[in-house]
Structures are given as structure tokens and as C-alpha cells.
Amino acid sequence: MIRSRFLSGCRWFCLVLLLAGQFAHAANHWEQPASQLATQIAEILGSGQAQLVLSNRSTIEASEIAPIRRMLEQDLRSHGVALSGAESANIIRVTLSENTRERLWVAEVIEGNRTQVAMVHVDRETLAAPAAQTGIVLEKKSLWSSDQPDGPVLAALETHAGLVILEQEEIVVLAGSTAAWREEKRWNLDAGRPFNRDPRGMLQPAPDGIGFTAVLPGRLCDGSYAAQPDASEPTGNWSLHCRESDDPWSVDVGKTGTASADLHAFYNASRNYFTGVITPNPGMDITPFYSVAVLPHPTVDHLALLIHGIDGKVQMMEGNSLRPVAGMRDWGSDFAAVHSACGVGTQILASASGEAENDSLRAYELASQEAVAVSAPLEMGGTITALWTAPEGTTALAVVRKSAKEYEVDRVSALCL
């Protein structure tokens, strides 16, 4: 009987030691990031009340979430933050997330209509998943080059009939292949029309896969092809019809996932940016922007917008919220989203910041509200003047100015290592 009681007591004592050991391991493991995040939250919120909501979107074991929450609560209280229930007007929403390289803890501090973000990077050594070894390399292939374009090259489009090049004053249709393009049709777009200092344009494929729509500031042109089966040359007839237009431009040309919102944005024809008015209406006001990329949401079946404002800030719009994105200080004004089999499935290809004679592209992935580089820079051999997602969504097309009169169009892919 005495031995039985001893063994029973030992079992309980050993169990307590085991649980205490596990808690101590978790405390030692996450103590530093929890303390750092609590300090940042307190600097935003100050002394006041708030409700703490913790969400785990990482591979951290469920058994470790409770100790992490307790550490955050203790650290917040030590900074004078009083934690309350759902009745509090202030909310601290903490998300534990990760990508293939590191963990990222993000706290959204919500005070009324104002949301501020704090974040902490967690040592990548804590990631034991094999995915941490996954890498991405960018590859480019030249589609077309010329040292005699009539003005800046604005866009390019591959169709079933060949390649369409949109220049500032002309549209050119080429047939053949990358090795040997031949000019099939050329239209002048009225050289007397005024253009802004930094002209932009867009080419969209027609439903038949052969024709196209060219979108320019204040003008829209539809190009169509009619085959001539009885002709000696199988080139057919091309026709172009242009009209004045202030219709919004599509920002959802490349399909980077299964969902598509068919979004359009109004372009300021007298400047070189979008006004911020989007259709369908996203339910909130957006400041004017230079670039936008449509992204599939990582957890639910709807889209998010990555927006580069004219103020230089990059923000993510999801639902009715607009949140800043960190980690893009090295980005230029051009970026595009591509869908691949690598990493998290969607990468942002961004040009380097600053004016560069030899520009570069780099792939990034979004871990919560931060852009993390996942590839080495890809030298482009010139200045990137335009960058957009290709219609199939898996690659990006870039216009590169090699010299004052030499332009090149490259297709860029994200490949898994």
C-alpha cells in the first residue's frame, strides 16, 4: 500500500515536472520575441485597456500557444497595458505567421478607426520544416529587341498570331518567332497627340486569342484579324479602330490564382498615375497610386490588392482595410505578381529602387504584412520602364531600355531550386 501510494505520488510529481519542463522550454523558446512585440505594442497603445486576440497561422505546436499568450499578457501588463474582455474598444490582434525563411509575429493595434502595426522577426533557426531549404531563382528570356523603335516602347503582347508591340506613337504587329520576327502590320497613332512626360500604355488579349486592345491615356484601340484562306500569303488582314476613351484600365490582366475580380482603375491622362478610384467599388477610399498587383488571399478565396501609392508607400488592401507593408524599402515603382509552384505559390517581382542604368528584379513573398526577399537579384541589362503580369499569370513581362534608342522585351519566370 505504501509503495502504491509512493508510485502514484511519483507519477503525479513526474507529470508536474514534465509539464513544467515543457512550459519552461516554450518560455525560453519564445520569451524574447514575446517581450519585443509587447514593447512595440505598448509604445503604440500606451497605458490603457485592450482586448488581446491571438491567431496562429504558423507551424508552432498548439501546445505552445497558451504559454506564448501568457508571456504576451505578462509583458503587456508590465508595460501598463490592462487586458480586458470583448467590451474593450481597443483590440490587439496578434498573428503568428511564417514563410519559408522565418517566422513573423504581427500585432495590429486597433484604436477606433485607427490601426497601427508592430512586428517581430523570429530567428529562422526555430523553423525545423524542410521547406526552409526551398529557394527561388528568376530567369529571363528575350522576346524581342530593336534599336529603331519610333518612340518609347510601352507594352508588348504575345498572341496566337505573333507579337504586338505598343510604342508611344505606333502599334506594330510581328509574325514569326523570337528567333526571326518579321513585321506584318504597322499603324500610326497620330504623332501630333500630346503625351505626358512618362507615357504609359497597356495591351490586353482579345477573346479570340489573336486580336488585342491597346489602352493609352485618353484613347482605346481595338486590333482584329481576318484570315484570307484563298490568299497566296497566309497573313490575313489586320484592322485597327481607335476612339477617345476615359474608361478605367484593367488591373487584373494576369490571373495569379483561381479567383478574379475583373478590377479596373481610372487613369489620370494628364499625369502618369491612377486616381485611386477602382471599379467595382472596394468599399473604401484609396489614395492615387502608380502600380497595383492583384493577389490571391493566402487563407480564403478572395483577392487582395498590393498598391504602390504616389507617396511612396506600399499597402495591402483586403476587404475594407488598408494596411502598410514593411520590407520594401529597396523597391522601385514597378512590380508584378506571378503564380508559381515555388514557395507560397505567389511571388512579387519588384524592380530595384532608384534610377539605375543596369536595373534588376527580385522575387518577394508576403509574410503577413512584410515583404521577404526569396531570390537573388536578376540583372536586366538596362533600365526597366514597364513591368506587368502576363495574361496567363505565371510569368511577368518587362520592357527594358538598353540605350537611348534600344529597347528589349523580356519574359521573367520564377523557378524552384
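Keep in mind it's a predicted model, so treat the numbers as computed, not measured. (Residues numbered from 1 in each chain as written. Predicted model: local features only at pLDDT ≥ 70, side-chain atom pairs only at ≥ 80, totals over all residues. Heavy atoms only, no water.)

So, on to the sheet that holds strand 11 (residues 202-205). As summarised here, the arrangement of the four strands in space is 11-12-13-14, forming an open sheet in which the pairing is antiparallel. The open sheet has two edge strands, strand 11 and strand 14 (237-244), and neither has a second partner. Taking the axes of each pair of neighbouring strands and ignoring which way they run, one obtains an average angle of 20° across the sheet. Bridging between strand 13 (residues 219-226) and strand 14 involves eight bridges; their strand directions are antiparallel. By the bridge assignment, Gly 223 is partnered in strand 14 with Leu 240. (Pairing = 2+ DSSP bridges. Helix = DSSP H or I, 4+ residues; strand = E, 2+ residues; numbered from the N terminus. Axes fitted to C-alpha atoms, helices over the stretch in contact; angles between N-to-C directions.)

The next point concerns the environment of Val 215. Tracing the chain through its elements places Val 215 in strand 12 (residues 212-216). In the structure, Val 215 is positioned 15 residues away from Arg 200 in sequence and 8.8 Å away in space, judged by C-alpha atoms. The residues touching Val 215, leaving out its near neighbours within four places in the chain, are Leu 166, Gly 201, Met 202, Gln 204 and Trp 249. (Contact = heavy atoms within 4.5 Å.)

What follows is about the pattern of salt bridges. Pairing of side chains with opposite charge becomes possible as their charged atoms draw close. Summed over all chains, the structure comprises eight salt bridges. A salt bridge links Glu 158 to Arg 411, with the nearest nitrogen and oxygen atoms 2.1 Å apart. Residue Glu 158 is located in strand 7 (residues 153-159), and its partner Arg 411 is located in strand 29 (residues 407-416); the two are separated by 253 residues in the primary sequence. Residue Glu 158 is classed as partly exposed on the basis of its relative accessible area, which comes to 37%. Arg 186 is paired through a salt bridge with Glu 170; the nearest N and O atoms lie 2.5 Å apart. Of the two residues, Arg 186 sits in strand 10 (residues 180-188) while Glu 170 sits in strand 9 (residues 170-177), which places them 16 residues apart along the sequence. For Arg 186, a relative accessible area of 33% gives the class partly exposed. (Salt bridge = Lys/Arg side-chain N within 4 Å of Asp/Glu carboxyl O. Buried < 20%, exposed > 50% of the residue type's maximum accessible area, 1.4 Å probe, protein only.)

With that settled, consider helix 2 (residues 65-78). Over its 14 residues, helix 2 runs 20 Å from end to end, which matches the ideal 20 Å to within 8%, given 1.5 Å per residue. Those residues of helix 2 that sit buried are Ile 65, Pro 67, Ile 68, Met 71, Leu 72, Glu 73, Asp 75 and Leu 76. Note on helix 2: the residue one or two positions beyond its end, Gly 80, has a positive phi of about 90°. (Expected span 1.5 Å × (residues − 1).)

This part is about the pairing of strand 22 (residues 331-339). Here strand 22 lies mainly inside the structure; seven of its nine residues are buried. Pairing geometry for strand 22 and strand 23 (residues 346-352), over six bridges, is antiparallel. Bridge pairing in strand 23 places His 339 opposite Thr 346. Count of turn residues in the strand 22/strand 23 antiparallel hairpin: six residues, of which Gly 343 carries a positive phi of about 50°.

Ranked by size, the top nonpolar core spans 31 residues in total, and within it Trp 144, Ile 165, Leu 166, Ile 171, Leu 203 and Phe 212 carry the most contacts. If one sorts the elements of this core by residue count, strand 7 sits on top with five residues. Discounting residues that sit within four places of it in the chain, Leu 166 has contacts with Pro 152, Val 153, Leu 154, Ala 155, Ile 171, Leu 189, Gly 201, Met 202, Leu 203, Ala 214, Val 215 and Leu 216. Counting residues in hydrophobic clusters, the runner-up holds 26 residues, among them Leu 37, Ala 42, Ala 50 and Ile 68. (Core = buried A, V, L, I, M, F, W, Y, C linked by side-chain atoms within 4.5 Å.)

The next point concerns the sheet that holds strand 2 (residues 81-83). Across the sheet, which stays open at both edges, the five strands sit in the order 2-1-3-4-5 with mixed pairing between neighbours. Sheet topology places strand 2 and strand 5 (114-122) at the edges, where each strand pairs with a single neighbour. Within the sheet, the average angular offset between the axes of one strand and its neighbour, ignoring direction, is 30°. Both strand 1 (residues 48-56) and strand 2 contribute to a ladder of three bridges, which runs parallel. Across the sheet, residue Gly 48 finds its bridge partner in strand 2, namely Val 81.

Right, let's talk about the confidence of the model for the protein for a bit. Should the pLDDT be low somewhere, the predicted coordinates at that spot are not to be read in detail. For the protein, mean pLDDT is 80; residues scoring 70 or higher make up 80% of the total. Taken together, the stretch residues 1-27 has pLDDT below 50 and engages in seven contacts with residues farther than four places along the chain or on a different chain. Scored below 50 in pLDDT, residues 126-134 makes 13 contacts in the model with residues more than four places away or belonging to other chains. (pLDDT = per-residue confidence, 0-100.)

Before going further, it helps to examine the packing of aromatic side chains. With the rule as written, the count across this model stands at 12 aromatic pairs. Plain terms: the ring middles of Trp 187 and Phe 212 are 6.2 Å apart, the flat faces sit at 55° to each other, and that makes the pair tilted. Residue Trp 187 is located in strand 10, and its partner Phe 212 is located in strand 12; the two are separated by 25 residues in the primary sequence. Accessibility assignment for this pair places Trp 187 and Phe 212 in one class, buried. (Phe/Tyr/Trp six-rings, centres within 6.5 Å; stacked < 30°, edge-to-face > 60°.)

This part covers the environment of Arg 411. Residue Arg 411 is classed as buried on the basis of its relative accessible area of 18%. Along the primary structure Arg 411 and Ser 142 are separated by 269 residues, whereas in three dimensions their C-alpha atoms are 6.3 Å apart. Residues in contact with Arg 411, not counting those within four places in the same chain, are Glu 139, Lys 140, Lys 141, Leu 143, Glu 158, Ala 390, Glu 392, Thr 395, Ala 396 and Leu 397.

In this structure the tally under the stated criterion is two disulfides. Here Cys 221 engages in a disulfide with Cys 242; their sulfurs sit 2.1 Å apart. Note on the Cys 221 and Cys 242 pair: the S-S dihedral is about 115°, so by sign convention the disulfide is right-handed. Pair noted here: Cys 221 is in strand 13 and Cys 242 is in strand 14, with a separation of 21 residues, a long-range link. Judged by relative accessible area, which is 0%, Cys 221 ranks as buried. Shown here is the disulfide that connects Cys 342 with Cys 416, its sulfur atoms set 2.1 Å apart. (Disulfide = S-S within 2.5 Å.)

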